[in-house]
Amino acid sequence: MNFNKNIEEQYNTYRLNNYGPATITLTKGEGEFVWDDAGNKYLDFTTGIATTGLGHCHPALVKAIREQAGKLIHASNLYRFKEQGDLAEALVSKAGPGKVFFCNSGAESSETLIKLSRLHGIHKSKTNTPATKIVVSNNAFHGRTFGGMSATPQEKIQDGFYPLLPSFPVARLNDINSFADQIDEETAAILIEPIQGEGGIHVASTEFLRGLRALCTEYNILLLIDEVQSGTGRTGQFFAHEIAGIQADAIGMAKGLGGGFPIGAVWISETFAGLFKPGSHGSTFGGNPLACAAALAVLETIEKEDLLQRVTQLSESWIKDLISLKNKYDALNEVRGRGFLIGLDFEEDPAPVQTELQNKGLLTVRANGNVLRLLPPLTVSESSLQESINLLDATLALTSQKVSTHQR
Ligand SMILES: *Cc1c(COP(=O)(O)O)cnc(C)c1O
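About the criteria used
- Residues numbered from 1 in each chain as written.
- Predicted model: local features only at pLDDT ≥ 70, side-chain atom pairs only at ≥ 80, totals over all residues.
- Heavy atoms only, no water.
- Helix = DSSP H or I, 4+ residues; strand = E, 2+ residues; numbered from the N terminus.
- Rg over C-alpha atoms; globule rule 2.2 N^0.38 Å.
- Buried < 20%, exposed > 50% of the residue type's maximum accessible area, 1.4 Å probe, protein only.
- Contact = heavy atoms within 4.5 Å.
- Areas by Shrake-Rupley, 256 points an atom, 1.4 Å probe, with all protein chains shown as cover.
- Lys, Arg positive; Asp, Glu negative; His and termini not counted.
- Charge placed at Lys NZ, Arg CZ, Asp CG, Glu CD.
- Expected span 1.5 Å × (residues − 1).
- Pairing = 2+ DSSP bridges.
- Axes fitted to C-alpha atoms, helices over the stretch in contact; angles between N-to-C directions.
- 1 Å grid on protein atoms, 1.4 Å probe; cavity = no way out; pocket = protein on both sides within 12 Å on 5 of 7 lines; lining within 4 Å.
- Points joined across faces, edges and corners; volume = space filled by probe spheres on them.
- Nonpolar A, V, L, I, M, F, W, Y, C, P; charged D, E, K, R; others polar.
- Near = heavy atom within 4 Å.
- Polar contact = N/O pair within 3.5 Å; in protein donor to acceptor, adjacent residues only side chain to side chain.
- Parallel < 35°, antiparallel > 145°, perpendicular 65-115°, else oblique.
- Left-handed = near helix turned anticlockwise from the far one by under 90°.

(A) The overall build of the protein chain, seen in detail. A tally of regular secondary structure across the protein chain gives 14 helices and 17 strands. For the protein chain, whose C-alpha radius of gyration is 22 Å, the value lies close to the compact-globule estimate of 22 Å for 408 residues. Here the C-alpha coordinates of the protein chain stretch approximately 65 × 55 × 45 Å along the principal axes. Counting every position in the protein chain, which comprises 408 residues, the buried fraction comes to 52%. When contacts within the protein chain are restricted to residue pairs at least 6 apart in sequence, those whose partners lie at least 24 apart make up 71%. If you sum the accessible surface of the protein chain, you get close to 19,500 Å²; carbon and sulfur atoms cover 52% of it. Positive and negative side-chain charges in the protein chain, numbering 36 and 45 respectively, have mean positions lying 3 Å apart.

Structure follows, in structure tokens:
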């Protein structure tokens, strides 16, 4: 075929305009680095939006995908594969006694959680009216499908798509009473991210998560935890909510689980897993051998390279350095998050900072509000973490200077 050689033009002509325009074209990645088509090298602290947790093209992941691709790529859930059995067993060993459903994305994991809550709502209802309400948090993000979007109380995401799925009352993160106030006999579940990602890196406190667990137990409602962004080791625990010592009723996973290969999963506790009966839910691609082989390689590598321990250790001094930058520059208000899921909250729109960082060779992701997200891979080297501090320091010195010049 004869393709247009100008990629930007190609995108403008043929690619749906649903994303903001990209400014660089990437051609390859290795570890924490990516390269653009002009040969520039970048330190990639976007990791494909908290996805390529092993870094780019980790040899173990590449090997697993290559080998599986030569054996069996896809055959549907009409049949069994060892890879899916192994992955389900591995996830149960992380999450606790229960069962796993496989899908292909975070949004589909949210759909599964919402469908689970409907089944529970029928089961728990003492009248003919099933409980259908799911209490969500302000600034939450649960995906772009109708269910996920309905559970995402952000106008910029919902706008243009009404009417949405009904019955997602909104409560305030870290305000247990505001959640308690939303609960009535029609409530089926609470859906929460332990650390909000897209919403601006807001951390649910340990005390708050324990409070939610107690509320859910008291009123027989499901505690649904969305670990799509915070899971697979990103915070130094396999699941971010582990730090609170609580047990979820169901957990949504995706992003980092496949290390860049699309896969989603939902773990459901033994108590509620039986709500799904044969025929009640499904996915053609979900848990196919290739996706499962990729996820297994991710889990094995996390163990083999002791990555959870590594994230906890390396993030400690890195976050200290980030806080020093916050103390040095007025433009930077707050450093939030845990492990390698970090948000820098700026006084003003950080777009110029982000652009300058990219020019200097550090890629970052925006989040809701004036937030820049830093999402290094779990395998990042200490020197690259130090390099990110140097680049931020130089950039903030430059952009802060501009602001003060401007004010004069
Ligand atoms: C990204 C994200 C989703 C949606 O995942 P997709 O794979 O983009 O559908 C859902 N929940 C959370 C917490 C996320 O960060």
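(B) Examining helix H9 (residues 206–219) more closely. Here H9 spans 20 Å end to end across 14 residues, near enough to the 20 Å set by a 1.5 Å rise per residue. Among the residues making up H9, those that are buried are Phe208, Leu209, Gly211, Leu212, Arg213, Leu215 and Cys216. On its buried side, H9 packs onto helix H8 (176–182), strand E7 (187–192) and strand E10 (222–226). Looking one or two residues past H9, Asn220 carries a phi angle of roughly 55°, positive in sign.

(C) Region of the structure containing the sheet that holds strand E14 (residues 341–346). With respect to topology, four strands assemble into an open sheet ordered E13-E14-E17-E16, the strand pairing being antiparallel. Each having just a single partner strand, strand E13 (332–338) and strand E16 (365–367) make up the two edges of the open sheet. Across the sheet, the axes of successive neighbouring strands diverge by a mean angle of 30°, strand direction being ignored. Bridge count for E14 against strand E17 (residues 371–374) is four bridges, and the pairing is antiparallel. The partner of Asp345 across the bridge, within E17, is Val371. Lying on the sheet, helix H12 (residues 307–328) is in contact with E13, E14 and E17; it crosses E13 at an angle near 165°.

(D) Broad picture of empty space enclosed by the protein. Counted according to the given criterion, the structure contains two cavities of 30 Å³ or more. The computed volume of the largest cavity comes to approximately 50 Å³. Partitioning the lining of the largest cavity into residue classes produces three nonpolar, six polar and one charged. Of the pockets and cavities examined, the second largest cavity occupies roughly 40 Å³.

(E) Spotlight on the pairing of E7. Along E7, six of the six residues are buried, which leaves the element largely enclosed by surrounding structure. Inspection of the sheet shows E7 paired to E10 by four bridges, in the parallel sense. Counted as the bridge partner of Ile192 is Ile225 from E10.

(F) Broad picture of the site of the ligand. Around the ligand, a shell composed of Ser105, Gly106, Ala107, Phe141, His142, Gly143, Glu193, Asp226, Val228, Gln229 and Lys255 is seen. A distance of 2.7 Å separates a nitrogen atom of the ligand from a polar side-chain atom of Asp226. The contact in question runs from an oxygen atom of the ligand to an N or O atom on the side chain of Gln229, over 2.8 Å. Considered on its own, the ligand offers 380 Å² of accessible surface; in the complex 81% of this is hidden by protein. Split by residue class, the shell around the ligand holds three nonpolar, five polar and three charged.

(G) Here's a closer look at the layout of surface pockets. In this structure, the second largest pocket occupies an estimated 380 Å³ of space. In terms of lining residues, the second largest pocket is bounded by 17 residues, among which Ala60, Ala64, Ala293, Ala297 and Glu300 are the most central. Those elements that place two or more of their residues in the lining of the second largest pocket are helix H3 (59–69), helix H4 (82–95) and helix H11 (289–304). The dominant element in the lining of the second largest pocket, judged by the number of residues it contributes, is H11, at six residues. Considered class by class, the residues forming the lining of the second largest pocket number five nonpolar, three polar and nine charged.

(H) Layout of the environment of Glu356. Among the structural elements, Glu356 can be located in helix H13 (residues 351–360). Spatially, the C-alpha atoms of Glu356 and Val298 are 33 Å apart, while their sequence positions differ by 58 residues. Not counting residues up to four positions away in its chain, the partners in contact with Glu356 are Thr395 and Leu398.

(I) Fine view of the sheet that holds strand E12 (residues 264–269). Ordered in space as E4-E12-E11-E10-E7-E5-E6, the seven strands form an open sheet in which the pairing is mixed. Taken across any chain shown, the strands that pair with only one partner, and hence form the sheet edges, are strand E4 (98–103) and strand E6 (170–171). In this fold H4 packs onto E4, strand E11 (250–253) and E12, with an angle of close to 125° to the strand it touches most, E4. Helix-sheet contacts for helix H5 (residues 106–124) involve E4, strand E5 (133–137), E7, E10, E11 and E12, and the interaxial angle to E10 is about 180°.

(J) Region of the structure containing the environment of Thr379. Structurally, Thr379 can be placed in the loop between E17 and helix H14 (382–407). Looking at Thr379, the relative accessible area reads 19%, which means it is buried. Sequence spacing of Thr379 and Ile7 is 372 residues, and the spatial spacing of their C-alpha atoms is 31 Å.

(K) Up close: the packing of H3 against H11. For the pair H3 and H11, interaxial distance at closest approach is 9 Å and the crossing angle is 155°. As summarised for this structure, H3 and H11 are arranged roughly antiparallel, according to the angle between their axes. Viewed along their axes, H3 and H11 form a crossing whose handedness is right-handed. For the pair H3 and H11, the contacting residues are Ala60, Leu61, Ala64, Ile65, Gln68 and Ala69 in the first and Pro289, Leu290, Ala293, Ala294, Ala297, Val298 and Thr301 in the second. Here the residues of the contact of H3 with H11 sort into 11 nonpolar, two polar and no charged.

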